[in-house]
Every structure is written in structure tokens, then in C-alpha cells.
Amino acid sequence: MCGIVGYVGHGDAVSFILPGLRRLEYRGYDSAGIATVSGMSLDVRKATGKIADLEALLASDRPPGTLGVGHTRWATHGRPSDANAHPHLDCQGQLAIVHNGIIDNYRELRKALAAEGHRFRSQTDTEVIAHLIERYQTNGLEAAVLRAARDLRGAYAVACVASTAPNTLIAIRRGSSPLVIGFGRGETFLASDIPALLGHTREILVLEEGELAVLTPDSVTLRTLDGLPIRRQPSTVLWDGEAAEKSGYPHFMLKEIFEQPEAVRNTVRERVDLEGPEIQIPELGLKDRELAGLNRLCFVACGSSWHAALVGKYLVEAFARLPVEVDIASEFRYRRPVLDSRVLTVAISQSGETADTLAALREARDQGSRAVAICNVVGSSLAREADGVVYTRAGIEIGVASTKAFTAQLAAVTLLGLKLGLARSLVDPALVRQVAKGLWELPDLMSVVLQQRDTIRGIAERFVERDHFLYLGRGLHYPLALEGALKLKEISYIHAEGYPAGEMKHGPIALIDQRMPVVAIVPRGSTYEKMTSNVEEVKARDGVVIAVATEGDEAIAAKADLVIPVPPSLEWLQPVLIAEALQLLAYYVGVLRGCDVDQPRNLAKSVTVE
Ligand code: F6R
């Protein structure tokens with residue numbers, strides 16, 4: 001995530017940048033920094049922690065300048081620290097850059113630049129950008145930024161100021177990292193998101209993918225990254241401050257549901273090699289030889305993260321033929337699990353602060369197990385204590401119910417399964433290639449599911465008054481039945497149960513009547529026929545079926561009462577698409593019942609007590 005703010009004008013740069021960063025703090029808050037230019041001097045201030053920490057620093061040591069950039073960080077490469085905080089500088093300390101996104105090829109660039117004598121001060125991917133611009137700075141800043149952009153691979157938004165280019169702020173964007181330009185009188189603003197601009201201007205222009213902007217106090221010039229001129233008029237935003245913070249979405253939960261394609265893309269990028277086949281997870285901290293020597297894997301987690309672990313069990317067992325146990329962390333820590341050095345314990349947690357998951361990880365390590373984390377928050381307790389960390393790169397999640405962190409966890413356990421399969425030489429390389437390609441293309445299919453939003457809202461409207469729901473799934477989709485039911489419970493306060501559909505006959509079938517909707521997860525694949533039989537059994541007892549099914553499946557449409565279509569995909573990846581559909585259903589039921597979906601009663605985002 002990360003938030004960027006920039007200012008060029010005649011006023012005091014810090015007076016705009018600091019409040020702007022505060023409004024972008026939702027994008028990350030593990031360090032913050034600013035750089036201002038005054039005359040020929042460039043001043044930088046950084047602080048680990050929240051914007052308040054930077055503010056405290058600036059209270060006694062405020063740099064002058066009418067040009068500047070600021071940044072609030074959500075760490076991806078390098079733990080939160082002053083050295084890793086943005087802005088980052090070139091060797092001479094003449095130019096400063098701030099960055100949101102990931103530079104995929106930073107390792108090779110860093111190596112080449114270091115060989116040329118560039119001295120690096122941080123562990124970030126970002127710092128290579130400053131040194132690259134420095135390398136090319138012979139014909140002025142704009143030409144150097146354009147040239148440097150040609151060497152960068154990945155998705156990024158970058159803002160740059162230099163003491164050699166007064167009254168000039170340069171921004172570039174490639175991929176999904178957003179940047180918005182604001183037009184004032186004798187001043188021009190830049191930010192990752194509109195809230196930072198409100199109160200200063202409503203005239204904005206969104207920098208599009210593959211564009212460069214040169215901002216001065218009185219002008220904005222746009223070019224493609226190939227240097228071709230672009231003409232575009234600003235538009236006027238009508239949002240108020242609160243709506244703007246949610247980028248126009250009524251709730252953070254909906255915003256985060258819609259951020260899922262980006263979350264999965266960021267989690268997968270850099271890690272899959274389509275040609276390989278190779279899965280690169282160096283952060284795992286285990287050599288292939290060590291992975292090959294494992295005889296068991298134990299997942300530990302709570303809540304939605306536990307559901308991701310259940311999906312992980314199917315995938316790891318299928319790809320790596322390694323026995324997998326899945327434990328609820330609060331059970332694991334109190335039941336004297338049998339572990340040794342050939343067992344890999346994998347703790348899954350969005351926050352990395354869940355007390356039980358942390359205790360389970362400690363218990364595993366105490367018993368001699370290798371222990372790694374799948375985690376969304378860099379520098380969290382879990383990440384610090386684990387032997388290795390696979391970060392889900394979902395960005396900060398504000399809604400209490402896990403959405404984008406969950407689907408990013410599903411992507412991470414898929415990568416882990418493939419990695420283990422390759423290390424153990426037990427997976428067909430053709431299958432790895434197929435799944436890796438599927439992961440790469442998955443964000444596009446995820447966007448297709450999100451387009452069903454109105455259909456799903458229509459379905460939600462019909463069931464708002466119900467008191468109970470049953471969710472059924474088989475195989476990989478059984479954990480999704482649990483997850484769908486949990487989402488509905490926590491944000492709509494409707495009682496819901498998730499069940500493996502084969503168990504229906506052993507009890508829950510007694511509950512079925514016209515008042516209790518049954519959500520049947522029935523996409524085409526290996527469990528399709530059995531699930532179809534379950535749908536018929538529900539219908540035979542006058543039950544009401546909402547089927548989550550493959551789009552165009554007329555046979556299911558004829559049997560079920562309502563259908564939420566998902567696009568066809570590899571079976572291994574279907575859980576991600578189904579998760580989105582079930583999140584939207586729960587979201588709309590919750591909203592229509594007037595519930596506070598972002599902060600449901602009695603819950604907290606991070607459960608740091610037992
Ligand atoms: C459900 C939800 C919770 C969390 C659980 C674990 O929507 O968000 O069930 O999944 O509290 O939290 P983390 O993943 O932070 O350990």
C-alpha cells in the first residue's frame with residue numbers, strides 16, 4: 001500500500017504534506033518521512049511509527065521549502081525502521097523519491113548499481129529508483145526519470161524532487177498504484193488518494209497507468225513513459241472527506257472486497273516463474289533440501305485464517321503428497337502436539353498479532369519444529385518470531401471482517417503447496433506451470449466475480465429477514481462453506497452454519513425448510529456431481545437453494561432457486577472466486593439489515609488477548 005503526498009507552490013510544503021499524510025494513514029503506518037527543497041538544499045526527516053511520530057519530530061525541527069514529497073509506509077521489503085522509511089536519496093543526497101508498489105527486478109538492479117559504486121543505505125526495493133535516476137541524470141531530471149522507468153519492472157507510483165530542479169515535482173505511474181494530481185491557485189498537489197487533496201482543491205486529474213507528470217506551481221505536463229505528450233482536462237470531485245477516505249465506497253469492507261484482484265496479484269508477482277517451473281519464496285528461510293526432508297506440515301491459525309489453512313491442507317497434500325494437519329491455534333497450544341524438527345509449522349495470520357496464533361508458533365518452536373508465518377503485516381510479532389515469513393501483500397485491511405487478506409492467504413498457501421511439491425519432486429512440472437499460469441490470470445477472473453455485485457445484492461434483498469442460513473461445500477469448497485457462514489454471522493448477526501455437504505444426511509438435513517436458505521457451493525469440477533445430489537436432496541425437502549455455480553451452468557440453474565455465477569477456472573483456484581461471491585452476499589445482507597459492517601459489534605480487528 002503506502003501513501004504518497006507532494007506539493008509544489010509558493011506556500012509552506014510541510015503545511016500541506018503533513019495533514020495529507022494523516023489522511024492517507026489508512027494506507028500504512030509503520031514509518032513516515034518527508035523531503036523538502038529550499039533553494040539548493042534538500043532536507044529529509046523520517047520517523048519509524050505513525051504520522052504522529054513524524055509530527056513530533058517536525059515540531060522542533062521543521063524543514064523549510066515550497067517543494068516537497070511525503071510518504072507513509074506499509075512495509076513490503078525491509079522491516080519498519082528509519083533507514084527503510086521513505087524518502088530515499090541518491091548518493092549525492094540531491095534527489096529524493098517516494099514510492100508505492102513493488103519493483104520486481106530490484107535485486108538485479110541493485111547488484112548492477114552497487115557494482116558501479118552506488119552506496120545503498122536501506123533494504124528496500126525503492127532505493128534503486130533514486131540511484132537509477134542518478135545514473136541517468138545528464139539531461140535533466142525529467143529525462144532521467146523517463147529513462148530510469150524503462151529499467152524498472154513491477155507496479156509503482158513514484159514521486160521525485162531534486163535540489164537541482166527547483167519548482168518541479170515529477171510523478172510516474174505504472175500498474176495499479178494510484179496517483180492523483182490536484183490543481184490550486186499558484187500551487188499543485190499530488191497524492192495517492194483524493195482525501196489528501198480535499199480542503200485544498202476539488203479540481204483533480206488521475207494519473208493513468210504508464211504516464212509521467214511534471215508538476216510546477218502553475219502547470220501540469222503529462223507524457224507517456226515513452227515520452228509522447230498527452231492532453232487531458234481535470235475533473236471536479238464532489239465527495240466529502242469521509243466518502244473520499246473510502247475512495248467513494250460506502251464502507252471499507254466493500255472497498256477491500258474490490259481491492260482483492262490487486263491483493264492477489266501483489267502476493268503472486270515475483271514468486272511465480274511461468275517458464276520454470278519455479279516458485280520463488282526465499283523469505284521462507286528453508287532450502288529445498290530441508291523442505292524435501294519434512295515428514296509433516298501443521299497449519300495453525302484462527303478464524304478466517306484457519307479457513308485458509310483448511311484450503312491449504314487440500315493443496316499441500318495434492319501438490320506435495322505431504323501429510324498435513326490443521327489446528328485452531330487456541331486448541332493446538334493447549335493439547336501437547338507431537339512435533340519434531342521434521343515437522344514444519346505454518347502459522348497463518350493477517351495481523352500477525354493474534355495472541356493464540358503467536359502462542360501456537362512459540363509452542364511449535366519450543367518443541368523443535370521449524371516454524372514459518374504467512375502474514376500480512378510486516379514487522380508484526382508473528383513475522384519477527386517466525387523462522388521465515390511469506391508475506392501476503394494485501395495492503396492494510398481496515399474492515400474488521402477479513403476479505404482481501406483471506407484471498408491473499410489462499411494465493412499464498414497455493415504457492416507454498418507448489419513450492420513443497422517441487423522441492424519434494426512429487427508434483428508434475430506441467431501441473432505447476434498450469435497452476436502458476438492460473439494464479440497469474442486469476443485477478444482478471446476475480447474482477448469478473450466483482451461485476452456480479454448487483455445480482456448478489458438482489459439475492460441478498462430476498463433473504464434479509466431470515467434467521468438461519470446453511471452453507472454446504474465439498475472438498476476444497478468445504479472450508480469456503482465455513483468461511484461464507486462466518487462472514488454472514490459476524491457482519492449481519494444471522495445464525496449461519498457451514499457444513500461438508502456429505503455430512504448433511506447425518507443431522508443438518510433435519511433443519512431444512514422454506515425459512516432456511518441453503519447456500520450450495522457447486523462449481524463444475526470433481527465434487528460437482530455429489531454436490532448436485534445434495535442440492536436435489538435440499539429441494540426434495542422444500543428447501544431454498546442459492547447456488548454458487550459456474551457461469552452458464554443451465555443444469556444447476558434449473559434445480560436451484562437462485563444462482564451466483566462464477567467464471568470457469570482451474571479447480572485449485574476456485575476457492576478465491578467463491579470467497580468473493582460469499583463476501584459480497586454477506587456484505588449486502590449486513591448492510592440491508594442496517595448493521596455496522598466495518599465494525600461489527602463485539603469484534604476487534606486484531607485479537608491480541610486469549
Ligand atoms: C473473520 C476474521 C477473523 C480473523 C481472526 C484471525 O472475518 O477476520 O476471524 O480471521 O481473528 O485474525 P488474524 O488473521 O489477524 O490472525
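The model shown is predicted, which means the values in this text are computed figures rather than measured ones. Per chain, residue numbering runs from 1 following the sequence as it is written. The predicted origin of the model limits local features to residues at a pLDDT of at least 70 and limits the giving and counting of side-chain atom pairs to 80 or more, whereas totals for whole chains, interfaces and linings rest on all residues. Only hydrogens and water are set aside when side-chain values are computed; all heavy atoms of the structure are taken into account.

## Some points on empty space enclosed by the protein
The probe, sized like a water molecule, is rolled over the atoms to show the empty space still left.
Reasoning step 1: Here a cavity is any set of points on a 1 Å grid over the protein atoms alone where a 1.4 Å probe fits but cannot get out, and a pocket is any open set with protein on both sides within 12 Å along at least 5 of 7 lines; a residue lines the site when it has an atom within 4 Å of a point. Grid points are joined across faces, edges and corners, and a volume is the space filled by probe spheres set on the points. Summed over the entire model, instances satisfying the criterion amount to two cavities of 30 Å³ or more.
Reasoning step 2: Reported here for the second largest cavity is a volume of approximately 40 Å³.
Reasoning step 3: Considering the residues around the second largest cavity, the lining is formed by Val311, Leu315, Leu410, Ala411, Thr414, Leu439, Trp572, Leu573, Pro575 and Val576.
Reasoning step 4: Counting residues per element, the lining of the second largest cavity draws most heavily on helix α14 (residues 404–423), which supplies three residues.
Reasoning step 5: What marks off one domain from the next here is an automatic or database domain assignment. Shared between two domains, the lining of the second largest cavity holds at least three residues of each, these being domain 2 (255–447) and domain 3 (451–592). Put simply, DSSP H or I for four residues or longer makes a helix, DSSP E for two residues or longer makes a strand, and each gets a number counted from the N terminus.

## Side note on the environment of Arg23
Reasoning step 1: If you trace the backbone, Arg23 turns up in helix α1 (residues 13–23).
Reasoning step 2: Arg23 gets classed as partly exposed once you look at its relative accessible area, which sits at 33%.
Reasoning step 3: Spatially, the C-alpha atoms of Arg23 and Gly3 are 9.1 Å apart, while their sequence positions differ by 20 residues.
Reasoning step 4: Among residues more than four places away in sequence, those in contact with Arg23 are Pro195, Ala196, Leu198 and Glu245.
Reasoning step 5: What qualifies as a polar contact is a pair of N or O atoms within 3.5 Å, subject to a donor-acceptor requirement within protein and to the restriction that residues adjacent in sequence count only when both atoms come from side chains. A distance of 2.9 Å separates the side chain of Arg23 from the backbone oxygen of Leu198, its partner in a polar contact. Note on classification: 1.4 Å probe, protein chains only; a residue is buried when its accessible area is under 20% of the maximum for its type, exposed when over 50%, partly exposed between these limits. By the convention used here, residues are in contact when the closest approach between their heavy atoms is within 4.5 Å.

## Digging into the domain arrangement of the chain
Reasoning step 1: According to the domain assignment, the chain consists of domain 1 (3–245), domain 2 (255–447) and domain 3 (451–592).
Reasoning step 2: Summarising the inter-unit geometry, the C-alpha centres of domain 1 and domain 2 are found 33 Å apart.
Reasoning step 3: Opposite the 19 residues of domain 1 that make contact, domain 2 presents 15 residues.
Reasoning step 4: Between domain 1 and domain 2 lies a buried interface of about 1,300 Å² when both sides are counted; carbon and sulfur atoms form 60% of it.
Reasoning step 5: A carboxyl oxygen of Asp or Glu within 4 Å of a side-chain nitrogen of Lys or Arg is what we treat as a salt bridge. In this assembly, domain 1 and domain 2 are joined by one salt bridge. Take the accessible area each of two parts loses on contact, using a 1.4 Å probe, and add the two losses: that sum is the buried area.

## Notes on the nonpolar core
General note: in soluble globular proteins, nonpolar side chains tend to be found buried as a group.
Reasoning step 1: Formed by 89 residues in total, the largest nonpolar core has its most connected members in Leu297, Phe299, Val346, Leu420, Leu439, Phe469 and Tyr471.
Reasoning step 2: Counting contributing residues per domain, this core is built from domain 2 (255–447) and domain 3 (451–592), each supplying no fewer than three.
Reasoning step 3: Excluding residues within four positions of it along the chain, Phe299 makes contact with Ala309, Gly312, Lys313, Val316, Val324, Glu325, Val326, Asp327, Val346, Ile348, Val413 and Leu416.
Reasoning step 4: For our purposes a nonpolar core is just a set of buried Ala, Val, Leu, Ile, Met, Phe, Trp, Tyr and Cys residues, chained together by side-chain atoms within 4.5 Å. Listed in part, the 30 residues of the second largest apolar core include Tyr136, Val158, Ala162 and Ile172.

## Description of helix α10 (residues 303–320)
Reasoning step 1: In this analysis, the expected span of each helix is defined as 1.5 Å times one less than the number of residues it contains. Given a rise of 1.5 Å per residue, 18 residues ought to cover 26 Å, and the 25 Å separating the end C-alpha atoms of α10 matches this to within 8%.
Reasoning step 2: Here α10 lies mainly inside the structure; 13 of its 18 residues are buried.
Reasoning step 3: Two residues or fewer past α10, Arg321 is found with a positive phi of approximately 50°.

## Focus on the site of the ligand
Reasoning step 1: Taken together, 14 residues are adjacent to the ligand, and Ser305, Ser349, Gln350, Thr354 and Glu490 come closest.
Reasoning step 2: Gln350 is positioned with one of its backbone polar atoms (N or O) 2.6 Å from an oxygen atom of the ligand.
Reasoning step 3: Note that accessible areas follow from Shrake-Rupley with a 1.4 Å probe, and for residues the cover is restricted to the protein chains shown. For the ligand, whose free accessible area comes to 400 Å², the fraction covered by protein is 90%.
Reasoning step 4: Those elements that provide at least two residues to the shell around the ligand are α10 and α17 (478–492).
Reasoning step 5: Residue polarity follows a fixed list, in which Ala, Val, Leu, Ile, Met, Phe, Trp, Tyr, Cys and Pro are nonpolar, Asp, Glu, Lys and Arg are charged, and the others, Gly among them, are polar. Classifying every residue of the shell around the ligand gives four nonpolar, eight polar and two charged.
Reasoning step 6: In terms of domain composition, the shell around the ligand takes at least three residues from each of domain 2 (255–447) and domain 3 (451–592). A cutoff of 4 Å decides nearness: a residue is near a molecule or strand if any of its heavy atoms lies inside that distance of it.

## Overview of the packing of aromatic side chains
Reasoning step 1: We call Phe, Tyr and Trp rings a pair once their centres come within 6.5 Å, taking the six-membered ring for Trp, and we label the pair stacked below 30 degrees between planes, edge-to-face above 60, and tilted otherwise. This model, assessed by the stated rule, comprises eight aromatic pairs.
Reasoning step 2: Linked through ring pairs, Tyr7, Phe16 and Phe189 together constitute an aromatic cluster.
Reasoning step 3: We call a charge positioned above a ring when the Lys NZ or Arg CZ atom is no farther than 6 Å from the ring centre and deviates by at most 35 degrees from the ring normal. The ring of Tyr528 is capped by Arg524, whose NZ or CZ atom sits 5.8 Å from the centre of that ring.
Reasoning step 4: Note that Arg601 overlies the ring of Tyr493, its terminal NZ or CZ placed 3.8 Å from the centroid.

## Brief notes about the pairing of strand β26 (residues 544–550)
Reasoning step 1: Of all seven residues making up β26, seven are buried, and the element is well covered by its neighbours.
Reasoning step 2: Handedness of the β-α-β unit built from strand β25 (residues 517–521), helix α18 (residues 528–540) and β26 comes out right-handed.
Reasoning step 3: Pairs of strands are assigned from DSSP output, requiring at least two bridges between the strands. Note: β26 against strand β27 (residues 562–566), five bridges, orientation parallel. Bridge pairing in β27 places Ala547 opposite Val563.
Reasoning step 4: Look down the strands so they point away from you; if going from the first strand over the helix to the second traces a clockwise path, that crossover is right-handed. With helix α19 (residues 554–559) bridging β26 and the parallel β27, this β-α-β connection has right-handed handedness.

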